[in-house]
Amino acid sequence: MNSIQNASHHLFVSTLGDLLKLHAPQATLLAPLGGQVFKISAHGPATALPGNDLSPPDEWMDGGELRWLSQGGALLGLLWSQDALPDTTTALLNLLLRSAQHDTGGQDVALLLTHLPAPVAWLDGELRFRQVSRHFLNLHGLQHGEVLGRSVAEVFSARAQLPLLLSRALAGQSVCLPLEAVTQRGKGHTLWLRGEARPYFDAQGIGVLWTSQDASEERGLARQLDSLLDDSGVMMALLDTQGVVQNASSALMALGGGVLSGPGTVPTSSGSSATTGAGLAASGSGAPGSLLGTPLWEWPSWPAESRQKLRSLVDQAAQSGAASADIQTVRGGLLQVSIHGDGPSAETQAGGGVLIAECHDLSALRELQEQTAMQRSLIDEILARSGEATLIVNAAGKVNLANEEAAKMLGIEVARLTSTGLGRLLKDMGVQLYDSALNRLDYQEWLRETMPAEQEVTLVNAAGVQRMVRLSVSMLPSLEGQRPGLMLTLRDVSVLRRMEARLRHDTQHDALTGLLNRAGLRSRLLNLGAEQSVILVALDISGFPALTAALGRIPSDALLVHLAAQLVDWRPELLAARLNNNVFMLAVQHQASDKTTLEDALQDLQRHLRAPLRLAGRELPLSFHLGAAGGRVGRDPEVLLGQAETALSYVKHERQSGQAVGVVYQEAMRAEVARDFRLESELPAAIGKGELRLGYQPVLSLKDPPGSGGLKLLGAEALLRWNHPELGLLAPPAFLPLASRSAVISDIGEWVVGQALAARAGWQATHPEVRVSVNLSLDELLRQDDLERLFPLMERYGPPDFELSAASLTEYSERTLGLLERLSEMGAQILVDDFGDGASSLTTLERFPISGVKLHPSFVARLHHPRAYKLLAATTAMASSLGLSVTAVGVENAEQLALVKKAGVGAVQGYHFAGPLSADELEAFRAEG
């Protein structure tokens, strides 16, 4: 069974290679089969790669077009080419690879066979037809219903040997079917067919792939040769292989035995005399007809020294097929005698076969040869210097001249090009030409006057290499009444056309993922028609800038490629585009586009995105923002695209949480998104205009209060506000998420630290123990290069304390740990803010150099519940046991203050004491104490 599977795998890999050679010769395929990954191309054998990881090589990511072949979320293969890939090739490979991976392989192969552009039949182990191509039915004059399920013996009852030959393929052999005359059903035409049968292995066992070929033209009888022996004056004779003359022209007969009226004359058919340039004369008498049946060298035309030379010439022609020599006549003339035959064969060795002898008067011929050689040399030199492939073809279709460029382009040696008719040679060598409509061009069509003098065609040369060629056809001058020859010029424009195709592709596709870009998506939507209803979903990865900073650019790009493959597999007939960095747009045709339908689509996509992506061998869960819009495409798809993007911007600015959060576009969203856009554009100038403010909310100690009964001031938390000239005082949630999209977040952080340190310096002039803390966001934490700007300032004045949200520390990294340790070594206290909410992690307290925790305000707000109080007391005890300070945030009244003090909390902060104060107000607050 393993040998059968191996043979099946080998045949399948070979089929994939043949498919690439036909449809995408420049492409390379990675495909898993039988637990191995094979690298398959149109040039050379397939190779098995080490391991079974189906990942694109690095050079595939740097350039070219990469297609992900997938089905139902499973990756079936990777197809890459430096050039643009046709969609039909991708679809066909998907079909084949799916057939290799699933039990439906037989159905897929059957569907594939019906569309193959060749006469192919698929037989089972009992030689019954399982499937046939349309070309097979047309060739044999059959209907689909007459064939399927029936045996070969039933369908072709008159061809008794056919089942016996096909049965050899069931034994694992490749069988060549001999040439056979077959009458086409229903048409009465007789065709000469040959074929090939190969074994085929699949899940149902061994079968046979039978390929037929129409060879009628090969069996067509050649036209009758024109009479070699006419009265035109040419000296020719028909000899057997022993040199005996079977027939001869009148001119040669006159040379051998005619009565000459004088030196150098031979009798003509009219009885008059004609002078020959060689001075041909013969002695002896007798009727010319008596020379027939006599060996040519025994004719009285030749002197003794020429007879042996002529006899050797006949023997040489009989053995090698051709011989030529200059022979002296009895009158001193010189003839060039050329003898041609079929060469050595069973027929010639048995005494059969025919030789043709030609005699030419060299006096005139040599002059003509010298002129012809000079002209040919001149033409050869011109063609050699030409950079274009050029062929000169005579009226009979034979190539008289061809340069090396033509030989290279056609894949045929120059010597072979000039050895036979061009039309027949191109067909025998498999050279094919197609016009722009992919109609095959026959050589005879080149002779038509209606054919364009110049056109672009597709050339497939003898080596199977496909090129785009500009073909120019020029008629050569000819004598009146004669058919003209042709000069064919072929200029390779493949590189130019590939560059143009690449440019067209690149203008509508994303270079990284291979998806459509914005222009490509607009074009595809317009092609659907203005009345077509569609659903558009815009999405991006939540926190992608921070993720890129953590992973690096190359892994982030790989993540986007994997995500693109996952998105493409969401729904059939999906249009997927990458609009910019990590923003994607999906378009699906749908009859309805109401809000319920859009919400269903969002939920379906959310479920599809729940599966985590794998990157570098580990799962990477992601969260997404989704925005949907729907309606008719209309005259400008930008309207719908803008609505989907507005919904995406809205859900990002609303900062909703969840793995995949999405909203459906509403008209009211546009105003809110416009407001955020305005704030984002005005924020960089706010620092210079002095619109940013810092307020300082006191942090008071519950331990060892002063004797006056007041609470001791430990320090203050710096709270940022934006005093917008039109919108008033804005809290951080209204503008900091906007700032985190760009480098302005670093500028704001630097300003906040500088202001806080200046305020602390004023307080510590009289009370050195007073501290100040600033908030550090996750984006700032991960932008370590931006934080480096703060270290010179902190080294000069000492660092402030830093409050980090519990959510920003849930993901452990060496970068985060190194940064916090550096800050701690400088003397900064690292405080975990909002400790105890849903994103908190107890491992944070052990992994990082934490000095204290600031409890989430919900702890204090629910203290009137007994369980909430116990939870507060337990959390305080746990933190204290770890040597961490505990601050209760959000204390609003005396009752809450008493409870947190009872629970053992060491410090408090809240509006019960004071809200955010200016630096001077905080100093006054401390003094009132």
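Since the model is a prediction, treat every value here as computed from it, not as a measurement.

Parameters and conventions
- Residues numbered from 1 in each chain as written.
- Predicted model: local features only at pLDDT ≥ 70, side-chain atom pairs only at ≥ 80, totals over all residues.
- Heavy atoms only, no water.
- Pairing = 2+ DSSP bridges.
- Helix = DSSP H or I, 4+ residues; strand = E, 2+ residues; numbered from the N terminus.
- Axes fitted to C-alpha atoms, helices over the stretch in contact; angles between N-to-C directions.
- Contact = heavy atoms within 4.5 Å.
- Parallel < 35°, antiparallel > 145°, perpendicular 65-115°, else oblique.
- Buried < 20%, exposed > 50% of the residue type's maximum accessible area, 1.4 Å probe, protein only.
- Expected span 1.5 Å × (residues − 1).
- Arc of directions from axis to C-beta.

Enquirer: Help me out: how do you make sense of the sheet that holds strand E23 (residues 486–492) in this one?
Expert: Strand pairing in a sheet relies on backbone hydrogen bonds, with the paired strands running either antiparallel or parallel. Here we have 6 strands laid out as an open sheet, ordered E19-E18-E23-E22-E21-E20, and antiparallel in their pairing. Each edge of the open sheet is held by one strand with a lone partner, namely strand E19 (399–402) and strand E20 (432–434). Each strand of the sheet is rotated relative to its neighbour by a mean of 30°, with strand direction disregarded. Taken together, the 7 bridges between strand E21 (residues 454–460) and strand E22 (residues 466–475) define a ladder with antiparallel strand orientation. Bridging across to E22, Gln 455 finds its partner in Leu 471. Each of E21, E22 and E23 is contacted by helix H17 (residues 494–508), which is oriented at about 130° to E22, the strand it contacts most.

Enquirer: Just checking my understanding: could you explain the packing of helix H19 (residues 544–551) against helix H20 (residues 553–568) for this structure?
Expert: What describes two packed helices is the angle between their axes and the distance between those same axes. Closest axis-to-axis distance for the H19/H20 pair is 7 Å, and the angle between their directions is 125°. The orientation of H19 relative to H20 falls into the category oblique. In this structure, H19 uses Phe 544, Leu 547, Thr 548 and Leu 551 to contact H20, whose residues at the interface are Arg 553, Pro 555, Ser 556, Leu 559 and Leu 560.

Enquirer: How should I be thinking about the environment of Asn 581 in this particular structure?
Expert: Tracing the backbone shows Asn 581 in the loop between strand E25 (575–580) and strand E26 (583–589). By relative accessible area, Asn 581 is classed as partly exposed at 36%. The sequence separation of Asn 581 and Phe 544 amounts to 37 residues, and the corresponding C-alpha distance is 9.1 Å. In this view, Asn 581 contacts Phe 544, Arg 553 and Leu 560; residues no more than four positions away in its chain are not counted.

Enquirer: Which parts of the structure should I look at to understand the pairing of strand E35 (residues 801–805)?
Expert: The side chains of a regular strand alternate between the sheet's two faces. With 4 of 5 residues buried, E35 lies mostly within the body of the structure. In terms of strand pairing, strand E34 (residues 771–776) meets E35 through 4 bridges, oriented parallel. Residue Leu 776 lies in a different strand from E35, and its bridge partner there is Leu 804. Pairing analysis gives 4 bridges linking E35 to strand E36 (residues 830–835), with the strands arranged parallel. Across the sheet, the residue bridging to Leu 804 is Val 832, located in E36.

Enquirer: It is not clear to me how H17 should be interpreted in this structure. Could you clarify?
Expert: Quick reminder: α-helices carry 3.6 residues per turn. Residues three or four places apart thus point the same way. With 15 residues, H17 extends 21 Å from end C-alpha to end C-alpha; this agrees with the ideal 21 Å at 1.5 Å per step. When H17 is considered as a whole, its buried residues turn out to be Ser 494, Arg 497, Arg 502 and His 505. Mapping the buried residues of H17 onto a view down its axis gives an arc of 140°, with all of them on the same face. Turned more than 90 degrees from where H17 packs its buried face, Met 499, Leu 503 and Arg 504 sit exposed.

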